[in-house]
Amino acid sequence: MTERIGFVGLGIMGQGMAHNLLKAGFPLIVWNRTASKAESLIKAGVQVAETPAQVAAQSDIIVVCVSDTPDVEAVLFGDNGLYETLRSGSLVIDCSTISPVATKEFAHKLTEKQATMLDAPISGGSEGAANGTLSIMVGGASADVERAMPVFEAMGKTITHVGDCGAGQTVKLVNQILVVNNMLGVAEALLFAQAGGVNLEKALQAVEAGAAGSWMLSNRAPQVVDRDWRPGFTIDLQQKDLRLVLEAADKFGTPIPSTSLIFQLYRTLQKQGLGGDGNHALVKALEHVAGFAINE
Ligand code: NAP
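All values reported here derive from a predicted model rather than from experimental measurement.

Focus: the pattern of salt bridges
Thinking step 1. All told, the structure shown has twelve salt bridges when counted by the stated rule.
Thinking step 2. Arg147 serves as the salt-bridge partner of Glu3, at 2.9 Å between the closest nitrogen and oxygen. Of the two residues, Glu3 is situated in the segment before strand E1 (5-8) and Arg147 in helix H8 (residues 142-155); the sequence distance between them amounts to 144 residues.
Thinking step 3. Under the relative-accessibility criterion, Arg147 is labelled partly exposed at 25%.
Thinking step 4. Residues participating in the shared-partner salt-bridge network are Arg4, Asp60 and Arg87.

Digging into the packing of helix H1 (residues 12-23) against H8
Thinking step 1. Contact geometry for H1 and H8: axes closest at 8 Å, N-to-C directions at 115°. Two packed elements cross with a definite hand, and for H1 against H8 that hand is right-handed. Residues Met17, Asn20 and Leu21 of H1 pack against Val151, Ala154 and Met155 of H8.
Thinking step 2. Per-class residue counts for the contact of H1 with H8 are five nonpolar, one polar and no charged.

Description of the state of the cysteines
Thinking step 1. A full pass over the atoms with the stated rule returns zero disulfides.
Thinking step 2. In this structure Cys65 is not part of a disulfide, and its nearest cysteine sulfur, from Cys95, lies 5.8 Å away.
Thinking step 3. Free of any disulfide, Cys165 has its nearest cysteine sulfur in Cys95, 14 Å distant.

Notes on the packing of aromatic side chains
Thinking step 1. Under the criterion given, the structure shown has two aromatic pairs.
Thinking step 2. A connected cluster of aromatic rings, assembled from ring pairs, spans Phe77, Tyr83 and Phe106.
Thinking step 3. One cation-aromatic arrangement involves Lys113 over Tyr83; the distance from NZ or CZ to the ring centre is 4.9 Å.

The rules behind these values
- Residues numbered from 1 in each chain as written.
- Predicted model: local features only at pLDDT ≥ 70, side-chain atom pairs only at ≥ 80, totals over all residues.
- Heavy atoms only, no water.
- Salt bridge = Lys/Arg side-chain N within 4 Å of Asp/Glu carboxyl O.
- Helix = DSSP H or I, 4+ residues; strand = E, 2+ residues; numbered from the N terminus.
- Buried < 20%, exposed > 50% of the residue type's maximum accessible area, 1.4 Å probe, protein only.
- Axes fitted to C-alpha atoms, helices over the stretch in contact; angles between N-to-C directions.
- Left-handed = near helix turned anticlockwise from the far one by under 90°.
- Contact = heavy atoms within 4.5 Å.
- Nonpolar A, V, L, I, M, F, W, Y, C, P; charged D, E, K, R; others polar.
- Disulfide = S-S within 2.5 Å.
- Phe/Tyr/Trp six-rings, centres within 6.5 Å; stacked < 30°, edge-to-face > 60°.
- Lys NZ or Arg CZ within 6 Å of the ring centre and 35° of its normal.

As structure tokens, this is what we get:
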């Protein structure tokens, strides 16, 4: 029997993911706090709920993709939240990036309703969400992962069961350490290339396929060269993730000097009112230090 899918959170990522679930043929009901963001799905014939509770009442599997830990808590346990009407045997898949500790607490509370939860944070940017090529790092019970696999396969390409509940979120933070350090390298390299008087497009073309290649280099460096700051992932959300990284590293007792520096660099940009820019605008912090800018 085809599982009925509920989807909560139609932001930059959720939009594409919900469209791909529809394309894969799942019966779908969606909810978003700002109702207008459901318009393209309404046009595609998708049912829109008035509350998360209405989604839970009509779904077997519910995918959540909202911003931060308190937001997942709100859609799960707030007024008219999913928990109110969650049915026995339901599976909640949380694709948001949130605290691994809170994830375990949420999953535990859902067992009171005989429901289960997977933490399944995602990577691959807005492009990956739109194209169904996300990397999904999953924490939770093997039986739930198996049940969720058709849903994951509709939204992503690389699906890795990394461990028990909370492990998906921990691995996502590993991912974020890599992403921002990569972006800092890309920003530094572009400034260096420009100061060295080489053509930036040619420089990127030359290094992309070699040992220095990366997703951030291929997808975000061209945006920096064009001074296109539209977000695939906003600085404000990036900072939310780095806060989670710093909290976890403090708990683990792990030094993360470079990531801590990047957190501070992004903070300078937030202070300048640039929190809505894409995370590749990290280069602006270095431009300020360098005293010159890319292509300006
Ligand atoms: P976004 O475009 O800012 O969308 C956030 C979504 O969460 C919106 O649907 C928003 O509703 C909803 N939301 C936030 N707070 C809420 C609350 N208290 N109650 C109900 N709904 C709430 O963010 P995004 O880029 O799609 O990111 C979503 C999640 O995926 C985040 O955890 C992010 O870290 C993660 N992620 C993002 C990317 C990326 O490249 N963008 C990549 C990997 C992972 P409204 O429309 O009403 O504001």
